[in-house]
Amino acid sequence: QVKLVESGGGLVQPGGSLRLSCAVSGSSIFSSSTMAWYRQAPAKERELVAAITSGGSTNYADSVKGRFTISRDSAKNTVYLQMNSLKPEDTAVYYCRYAVLALWGQGTQVTVSS
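Residues numbered from 1 in each chain as written. Predicted model: local features only at pLDDT ≥ 70, side-chain atom pairs only at ≥ 80, totals over all residues. Heavy atoms only, no water.

### Topic: the overall build of the chain
Alright, step 1. If you tally the helices and strands in the chain, you get zero helices and eleven strands.
Alright, step 2. Each helix and strand of the chain, ordered N terminal to C terminal, gives the series β-β-β-β-β-β-β-β-β-β-β.
Alright, step 3. Over its C-alpha trace the chain gives a radius of gyration of 13 Å, about what one expects of a compact globule, namely 13 Å for 114 residues.
Alright, step 4. The principal-axis extents of the C-alpha atoms in the chain amount to approximately 40 × 25 × 25 Å.
Alright, step 5. Looking at the chain as a whole, 39% of its 114 residues are labelled buried.
Alright, step 6. The long-range share in the chain, meaning contacts at least 24 apart out of those at least 6 apart in sequence, stands at 54%.
Alright, step 7. Roughly 5900 Å² of accessible area belongs to the chain as shown, and the carbon and sulfur atoms make up 47% of that amount. (Helix = DSSP H or I, 4+ residues; strand = E, 2+ residues; numbered from the N terminus. Rg over C-alpha atoms; globule rule 2.2 N^0.38 Å. Buried < 20%, exposed > 50% of the residue type's maximum accessible area, 1.4 Å probe, protein only. Contact = heavy atoms within 4.5 Å. Areas by Shrake-Rupley, 256 points an atom, 1.4 Å probe, with all protein chains shown as cover.)

Here it is as structure tokens:
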């Protein structure tokens, strides 16, 4: 059974940084799948934040370009989201997406507040 376990969320002040991790277990094809991070704020639709292909190409939402970086470690079956210069509007539940298997992580809360 394939599982996605997210970690790294928490409370941070504006301008601070967090690194989210998504560890994939039970899959032998992680390296062949596009991975992505989405987020959903209260009363908002879930939106794509960043994506990375199996070849390492990346895409970012305009709102996070220059501040967030998505990366992956195929040897560890893990995808990361480094979040810098955080703003209150970044507050949301962040979800890891395993595209090939159409799976979601459980979500991890990120709160940016002073």
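Once the structure has been displayed, the description carries forward.
### Thoughts on the pairing of strand β5 (residues 47-52)
Here is the key point about a regular strand: its side chains alternate between the two faces of the sheet.
Alright, step 1. Pairing between strand β4 (residues 35-40) and β5: five bridges, direction antiparallel. Its bridge partner being in β5, R39 is matched across the sheet by E47.
Alright, step 2. A loop of six residues connects β4 with β5, the two strands running antiparallel in sequence, and A43 in this loop sits at a positive phi of about 65°.
Alright, step 3. Alignment of β5 against strand β6 (residues 58-60), held across three bridges, turns out to be antiparallel. (Pairing = 2+ DSSP bridges.)

### Details of the state of the cysteines
Two cysteines whose sulfur atoms are joined by a covalent bond form what is called a disulfide.
Alright, step 1. Overall, the coordinates contain one disulfide when judged by the stated rule.
Alright, step 2. In this model C22 forms its disulfide with C96; the gap between the sulfur atoms is 2.2 Å. Linking C22 and C96, the disulfide has an S-S dihedral of approximately -85° and is accordingly described as left-handed. Pair noted here: C22 is in strand β3 (residues 18-25) and C96 is in strand β9 (residues 92-98), with a separation of 74 residues, a long-range link. (Disulfide = S-S within 2.5 Å.)

### A word on the packing of aromatic side chains
Alright, step 1. Enumeration over the complete set of coordinates arrives at three aromatic pairs.
Alright, step 2. Pairing Y38 with W104 gives two aromatic rings, centres 5.0 Å apart and planes at 80°, and the pair type is edge-to-face. Within this pair, whereas Y38 is found in strand β4, its partner W104 is found in strand β10 (residues 103-104), the two being separated by 66 residues in sequence.
Alright, step 3. Y38 sits in the partly exposed class, given a relative accessible area of 22%.
Alright, step 4. The exposure class assigned to W104 is partly exposed, which follows from its relative accessible area of 37%.
Alright, step 5. Both rings, one in Y95 and one in W104, keep their centres 6.3 Å apart while their planes meet at 75°; by these two values the pair is edge-to-face. (Phe/Tyr/Trp six-rings, centres within 6.5 Å; stacked < 30°, edge-to-face > 60°.)

### What about the pattern of salt bridges?
Alright, step 1. Counting across every chain of the model gives four salt bridges.
Alright, step 2. Among the ionic pairs, E47 bridges to R39, the shortest N-O distance being 2.8 Å.
Alright, step 3. Of the residues examined, E47 reaches a relative accessible area of 35% and is grouped as partly exposed.
Alright, step 4. Ionic contacts of the salt-bridge type, sharing partners, join the residues R39, E47, R67 and D90 into one network. (Salt bridge = Lys/Arg side-chain N within 4 Å of Asp/Glu carboxyl O.)

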